[in-house]
Amino acid sequence: MDTTAILKELLPTYVLPIRGIHGVSHWARVLENGLRIAEVTGADIEVVTLFALFHDCRRANDGRDPDHGRRGAERAELLRGSLVRLSSAQFDLLSEACRLHTDGLTEGDPTVQACWDADRLDLPRVNIELKRRLICTEAAWELRDWARARAADRYEPGLVTQVWGV
Ligand SMILES: [Fe+2]
Ligand SMILES: [Fe+2]
């Protein structure tokens, strides 16, 4: 999956500050959170990777925007078969993960759970403390100290500049 090409497609229509609280640094931390969770749970890393890029790409503001997950899923649908190459089953998981990521759910397919947890582990960037009942998997809960430190620092993973060229 060419995440750099996908980024180049998504950024021109991302209407918020690129390095804001829902921008590329968040996407990269969500990606790295998700891959670490997947190492333990066996979640689908292609889906987890694409979730990181798409879930917030259609946010209209940095506050309350309850429909942005659905719009993110639609954006992925538009690129399906070109930059987004997934099986139907994988795409369904990506779509579900994007559409429902702000609904506070914790039950679901392990790949969907990894997506939601990857996003929630980054909540300390906006001073929201992690709560066990909002984390889907034990694997993610075990990563909370590592993820909290990176989130609180708004740490930007090297891939943002080195791979994505942002
Ligand atoms: Fe979101
Ligand atoms: Fe997010």
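What comes next is a walk through the structure.

**Let's talk about helix α4 (residues 68–78)**
Move 1: Among the residues making up α4, those that are buried are His68, Gly69, Arg71, Gly72, Ala73, Arg75 and Ala76.
Move 2: If you follow the buried residues of α4, they end up packed against α1 (3–10), α3 (45–54) and α5 (88–99).

**So, the environment of Ala5**
Move 1: Of note, Ala5 is situated in helix α1.
Move 2: The exposure class assigned to Ala5 is partly exposed, which follows from its relative accessible area of 23%.

**Remarks on the coordination of the iron ion (ligand 1)**
Move 1: Distances from the iron ion (ligand 1) to its protein donors, Asp56 (OD), His68 (NE2) and His101 (NE2), fall at 2.0 to 2.2 Å.
Move 2: Separating the iron ion (ligand 1) and the iron ion (ligand 2) is a distance of 3.8 Å, and Asp56 donates to both of them. Of this pair, His68 sits in helix α4 while His101 sits in the loop between α5 and α6 (110–120), and the two are 33 residues apart along the sequence. Note on accessibility: His68 and His101 belong to one class, buried.

**Topic: the coordination of the iron ion (ligand 2)**
Move 1: Listed as protein donors to the iron ion (ligand 2) are His26 (NE2), His55 (NE2), Asp56 (OD) and Asp119 (OD); their distances from the metal cover 2.1 to 2.2 Å.
Move 2: One can describe the site at the iron ion (ligand 2) as irregular: its four donor atoms subtend angles covering 85 to 177 degrees at the metal.
Move 3: If you list the donors of the iron ion (ligand 2) from N- to C-terminus, the spacing comes out as H-x28-H-D-x62-D.
Move 4: With relative accessibility at 0%, the residue His26 sits in the buried group.

**Some remarks on the packing of helix α2 (residues 24–41) against helix α8 (residues 144–152)**
Move 1: Packing of α2 against α8 leaves a shortest axis separation of 11 Å and a crossing angle of 175 degrees. In this view, α2 runs roughly antiparallel relative to α8, as classed from their interaxial angle. Here α2 contributes Arg29, Glu32, Asn33 and Arg36 to the contact with α8, which in turn contributes Trp146, Ala147, Arg150 and Ala151.
Move 2: Looking at the contact of α2 with α8, its residues break down into three nonpolar, one polar and four charged.

**Section: the nonpolar core**
Move 1: Membership of the largest hydrophobic core comes to 49 residues, with the highest contact counts inside it found for Trp27, Ile37, Phe54, Leu94, Leu121 and Trp164.
Move 2: When residues of this core are traced back to their parent elements, those giving at least two are α1, α2, α3, α4, α5, α6, α7 (138–142) and α9 (159–162).
Move 3: Ignoring sequence-local partners within four residues, the contact set of Ile37 consists of Ala114, Asp117, Ala118, Leu121, Thr137, Ala139, Ala140 and Leu143.

**Some thoughts on the pattern of salt bridges**
Move 1: Under the criterion given, the structure shown has 12 salt bridges.
Move 2: One salt bridge in this structure joins Glu138 and Arg132, with 3.0 Å as the shortest N-O distance.
Move 3: A salt bridge links Asp145 to Arg148; the shortest N-O distance between them is 2.8 Å. Note that Asp145 and Arg148 are positioned in helix α8 at a spacing of three residues, about one turn of the helix.

Criteria and thresholds
Residues numbered from 1 in each chain as written. Chains lettered and ligands numbered in written order. Predicted model: local features only at pLDDT ≥ 70, side-chain atom pairs only at ≥ 80, totals over all residues. Heavy atoms only, no water. Buried < 20%, exposed > 50% of the residue type's maximum accessible area, 1.4 Å probe, protein only. Helix = DSSP H or I, 4+ residues; strand = E, 2+ residues; numbered from the N terminus. Contact = heavy atoms within 4.5 Å. Donors = N, O, S within 2.8 Å, 3.2 Å for Na, K, Ca; no water. Tetrahedral: all angles 85-135°; square planar, octahedral: opposite > 155°, others 65-115°. Axes fitted to C-alpha atoms, helices over the stretch in contact; angles between N-to-C directions. Parallel < 35°, antiparallel > 145°, perpendicular 65-115°, else oblique. Nonpolar A, V, L, I, M, F, W, Y, C, P; charged D, E, K, R; others polar. Core = buried A, V, L, I, M, F, W, Y, C linked by side-chain atoms within 4.5 Å. Salt bridge = Lys/Arg side-chain N within 4 Å of Asp/Glu carboxyl O.

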